[in-house]
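Single-letter residue listing:
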Amino acid sequence: DPKNEYKKEGYNLFLNMMAKISSSVLIKLFEAQVHRQEEIEAIEAEAEAKHRAELEAAIARHPGDAADPTPEAAPLPAQARRSAPPAPKIGRNDLCPCGSGKKFKKCHGAILEEDAGAADDDDEVAPPAA
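Residues numbered from 1 in each chain as written. Predicted model: local features only at pLDDT ≥ 70, side-chain atom pairs only at ≥ 80, totals over all residues. Heavy atoms only, no water.

Trainee: Would you mind going over the overall build of the chain with me for this structure?
Mentor: For the chain, the helix and strand inventory stands at four helices and zero strands. Looking at the chain as a whole, 5% of its 130 residues are labelled buried. Considering only contacts within the chain whose residues lie at least 6 apart along the sequence, 27% involve residues at least 24 apart. Carbon and sulfur atoms form 59% of the exposed surface of the chain, whose accessible area is close to 12100 Å². (Helix = DSSP H or I, 4+ residues; strand = E, 2+ residues; numbered from the N terminus. Buried < 20%, exposed > 50% of the residue type's maximum accessible area, 1.4 Å probe, protein only. Contact = heavy atoms within 4.5 Å. Areas by Shrake-Rupley, 256 points an atom, 1.4 Å probe, with all protein chains shown as cover.)

Below you can see the structure in the form of structure tokens.
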């Protein structure tokens, strides 16, 4: 009878699934390692210090800020500079990543526009005065 064959096959698949689940649970249970509270705190402190260092490196700074000066990094080799991924595009109306709370166009974007404007002014010819 096909219906009984289908039931037996489904039951066998169910038993195999339950056996695999119980064996994987037991394997994970025996492989678990118990750490002392001091070890856990040391691991968490190390991870937090690493996170803070990455965060400090990622924060943009104003050019005139004298607080917390960062040491000048050694220049990267030419090959390393080429392989770096491009920075994410920041919209003019997005908040500035330096954390000032200003829009990018009023903060660091203004500096970039001044630099671009100075380069454009060199190429332009002044209109004759009347």
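Trainee: Where do I start with the confidence of the model for the chain in this structure?
Mentor: Low pLDDT marks stretches whose predicted atomic positions should not be read closely. Taken over all residues, the pLDDT of the chain has a mean of 78, while the share at 70 or more is 67%. Mean pLDDT values for the elements of the chain range from 56 in helix α3 (residues 78–83) up to 95 in helix α1 (residues 2–31). (pLDDT = per-residue confidence, 0-100.)

Trainee: How should the pattern of salt bridges be read in this particular structure?
Mentor: A side chain of one charge can pair with a side chain of the opposite charge when the charged atoms of the two come close. Under the definition given, this model contains two salt bridges. The salt bridge involving R36 is made with E38; its shortest N-O contact spans 3.7 Å. Exposure class is identical for R36 and E38. Each is exposed. R52 serves as the salt-bridge partner of E48, at 3.1 Å between the closest nitrogen and oxygen. Here R52 and E48 lie together in helix α2 (residues 37–58), a separation of four residues that amounts to about one turn. E48 gets classed as partly exposed once you look at its relative accessible area, which sits at 43%. (Salt bridge = Lys/Arg side-chain N within 4 Å of Asp/Glu carboxyl O.)

Trainee: In this structure, what is going on with a nonpolar patch on the surface? I would like to understand it.
Mentor: Together, Y11, F14, L15, M17, M18, I21 and V25 line one region of the surface with nonpolar side chains, adding up to about 670 Å² of accessible area. Along the chain, I21 turns up in helix α1. Classification of I21 by relative accessible area gives partly exposed; the value is 42%. (Patch = residues over 30% accessible without salt bridge, like charges linked within 9 Å, V, L, I, M, F, W, Y side chains within 5 Å.)

Trainee: I would appreciate a short explanation of the state of the cysteines in the present structure.
Mentor: Disulfide: a covalent bond formed between the sulfur atoms of two cysteine residues. In this structure the tally under the stated criterion is zero disulfides. C96 provides the cysteine sulfur closest to C98, a residue in no disulfide bond, and the two sulfurs are 3.6 Å apart. With no disulfide of its own, C107 lies 3.7 Å from the sulfur of C96, the closest cysteine sulfur. The class of C107 is buried, set by a relative accessible area of 7%. (Disulfide = S-S within 2.5 Å.)

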